[in-house]
Amino acid sequence: MIWITIGLQLWLLHGSSNQEQAQLESAPPLRHALRDADSLLSRYARRESLLIQIVPNSPKIRIERFATYTSLTAPDTLSAVAGVYILLEEKHGLTFVHPKETVVSPHLRTWQTLEASPRFKWRGFHLHTQHPIELTEALHDPAFPDGEQLVKAYIDWLIRNRQNYFEFCLLRTVDLERWQPYFSRIVRYAQERGVVVGLDISLRMQQQRAFQLIPRWRPKAKMLRKNLGILSNTGISRINVDLNAAEFVGKSWGGWIDSLIIHAKRLGLHVMTRQHVVPPDAYAVGDFHPSTLPSEITLCVHSVMCYSLRDSIAPVYRCKNFSHLYESILNERQRRPVWYYPETAYWVSFDNTVPVWLLSYLRSRLEDILTVENLVEGHLTFSSGWDVGYWLFDWSVARWSWKYEYDSALYIPSPAEGMIRLFGGDTAHWEHIVRYQDSLLVGKDILSYITPTTAIDEIGWRWLPAFQPRLPVPPWKIYRKPTKYRPYLTPALTGMQDALQKYPIWPKAAPKEGDIQRLYDELNTAWNLTHLRIEFRYHWLQALSSGKAARKLHIDTLRALLPSAEKLIVQLPIRYPHTVQERVCRAQKTGCPHPHPSYRYGYLYPAVSLHFWRREMEQVRRGRWGVLYRNIWDIPRITGLW
């Protein structure tokens, strides 16, 4: 049969026979994908004649271009869905970089035959809604303006980028009675399009308002059964359960884990858990050895920030590097399904909060994907926001989760691929800026000198664990005894000065198209902000480690740099206005002052206000180093004391 639509002329075959309309209707994901493709082709004034053939057991998706039509062969209808979007991207240039941004790239490879296959059985994203990111309120509050449509637009983005799994952190502030029917509609929408939905919850974790299956202080078996039943009724398929009491408080499941598995199995829920980045014996209390987990549980091995499994240094969470995580993957894959669970942003006092745009994520995420692709069943990307250029990282990871062969030649991806694909120009220049920034910030550990001190650092530098890269000596010690401690900073200061002089300029060959020009300008601004941040911290460290006369000169320089940062930050597009609010409310119509997460403001508020820049300047000017000075963190609230 021939099915003609506005932008798409389509033939469907199943084996050697025409696909009947009724059979197509029984494959909702493909039906939805074809309607979406038709709409997209019409929007961008493109046409396509497409022959789809379902050939069971075919090893790959195969797309072949002929004079008057294109042929797409796939092993099943879900693979055909992926093939449709690959065709839109690789032949017509439709590029799904962001849930609110689809652009047409003119920089396409030439090919006659394209074959594609997934690197992982499960390819998905975890939205870390314990932080006040774009969809935190929309996922928790049925009354949030246009919330359901915002979430559905994100699910569309996942499908267009060939992902098949989605989860987010459910918070215990949710009103389950109102939320359940609302979220059930979202789950149904995702399932009809071929996306499996899970929820990230905790067994009894106290911090950051994580949803607890059983209360921390009054554990009851009936509460476990009740909560699992409520969550199951939404239609989800998986639960990703944090078994620890907190990030540095280890094993906390006792006999509850057996009950969890029994009840989840009865409800048809697959149980997953994560191995935190903390080394097994480095917890402040307890430990966590994945080998002690029941084999029915899927293990998600979690790495943080912009470090890779193979980096020689990763000075975070009491780690020297992530070799213990790589060993867990190698060992646990023999016992259970294993997923790799890395980040594309960290947020808290590290990257898009500051803001800085860390291209090291591109190198490390691609490096890890190529390392684990034959070792793990799934790749679950931990996402903490898309703006300030961080959409580039999520989109790149989604693309890298697939392998492509153009005219039988295997395509080898590069960290700069996204920028090359969007903007064209000198490939070597794009690759150079990624390599240069990565070698400087990660390779030479300048990250430890440009990230703000955390509240944990300021409460107890010596006896509380370091979460993030930090200075070799507390800043207040350097401030009070600069002569004694300046040698600790001298190598980094010399390296930063040299790096600032040699910092590559953003490529000048700007694209002409309006939509791509906007993305180009956004990344250009993020690049220049990062350069300015390094310069700001260079003078901050100079002021910190100088005598009074020289300190005043460097503080004056800091004052002069702030207006430059202010001019840049207002150039960044804000796609979700609530993310920059100083006070985010649960339902904007009611004016509630308390958002669902532990944080009262949008995740980009510290960035657009340049909070950390201003705080650091005042710290070194006034000599104020207490954790409460210009503090934005509600520490008891975050740790779960209330």
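Now for a quick tour of the structure. What you see is a predicted model, and the numbers here were worked out from it, not measured in a lab.

Analysis parameters
- Residues numbered from 1 in each chain as written.
- Predicted model: local features only at pLDDT ≥ 70, side-chain atom pairs only at ≥ 80, totals over all residues.
- Heavy atoms only, no water.
- Helix = DSSP H or I, 4+ residues; strand = E, 2+ residues; numbered from the N terminus.
- Buried < 20%, exposed > 50% of the residue type's maximum accessible area, 1.4 Å probe, protein only.
- Contact = heavy atoms within 4.5 Å.
- Areas by Shrake-Rupley, 256 points an atom, 1.4 Å probe, with all protein chains shown as cover.
- Lys, Arg positive; Asp, Glu negative; His and termini not counted.
- Charge placed at Lys NZ, Arg CZ, Asp CG, Glu CD.
- Salt bridge = Lys/Arg side-chain N within 4 Å of Asp/Glu carboxyl O.
- Pairing = 2+ DSSP bridges.
- 1 Å grid on protein atoms, 1.4 Å probe; cavity = no way out; pocket = protein on both sides within 12 Å on 5 of 7 lines; lining within 4 Å.
- Points joined across faces, edges and corners; volume = space filled by probe spheres on them.

**Concerning the overall build of the chain**
Part 1 of the argument: Broken down by element type, the chain carries 22 helices and 21 strands.
Part 2 of the argument: Once the C-alpha set of the chain is aligned to its principal axes, its extents read approximately 85 × 65 × 50 Å.
Part 3 of the argument: The buried share among the 642 residues of the chain stands at 64%.
Part 4 of the argument: Across the chain, every contact between residues at least 6 apart in sequence was considered, and the portion connecting residues at least 24 apart equals 74%.
Part 5 of the argument: Carbon and sulfur atoms provide 52% of the accessible area of the chain, an area that totals close to 24,000 Å².
Part 6 of the argument: Side-chain charges of the chain comprise 78 positive and 60 negative groups, with the mean position of each set lying 7 Å from the other.

**Describing the pattern of salt bridges**
When charged atoms on two side chains of opposite charge get close, those side chains can pair.
Part 1 of the argument: Within this structure, the stated rule accounts for 40 salt bridges.
Part 2 of the argument: We note a salt bridge from Lys403 to Glu373, for which the minimum N-O separation is 3.8 Å. Of this pair, Lys403 sits in strand S20 (residues 402–406) while Glu373 sits in the loop between helix H10 (360–372) and strand S19 (378–383), placing them 30 residues apart in sequence.
Part 3 of the argument: A residue is classified by how much of its surface remains accessible, and Glu373, at 13% relative accessible area, is buried.
Part 4 of the argument: The structure contains a network of salt bridges with shared partners spanning Glu89, Glu90, Arg162, Arg399, Glu417 and Arg421.

**Observations regarding the pairing of strand S16 (residues 270–275)**
Residues in a regular strand project their side chains so that they alternate between the two faces of the sheet.
Part 1 of the argument: The element S16 is extensively covered by neighbouring structure, given that five of its six residues are classed as buried.
Part 2 of the argument: Pairing of strand S13 (residues 238–242) with S16, which is carried by three bridges, proceeds in the parallel orientation. Each bridged residue has a counterpart across the sheet, and for Ile239 the counterpart in S16 is Val271.
Part 3 of the argument: Two strands pair when backbone bridges link them, and S16 and strand S17 (residues 298–302) are joined in this way by four bridges, in the parallel orientation. From the neighbouring strand, Met272 faces S17, where its bridge partner is Thr298.

**Details of the layout of surface pockets**
The gaps of empty space that remain are located by a probe, the size of a water molecule, rolled over the atoms.
Part 1 of the argument: For the largest pocket, the calculated volume is near 1,200 Å³.
Part 2 of the argument: If you go around the largest pocket, you meet 49 residues; those closest to its centre are Gln207, Gln208, Glu247, Phe467 and Thr639.
Part 3 of the argument: Elements with a contribution of two residues or more to the lining of the largest pocket: strand S12 (196–202), strand S14 (244–246), helix H15 (455–459) and helix H22 (635–639).
Part 4 of the argument: Together, 24 residues line the second largest pocket, and Leu78, Ser79, Arg123, Asn164 and Trp402 are the ones closest to its centre.
Part 5 of the argument: Every element with two or more residues in the lining of the second largest pocket is listed here: helix H3 (77–90) and strand S9 (113–118).

By themselves, these are just geometric observations and shouldn't be taken as functional.
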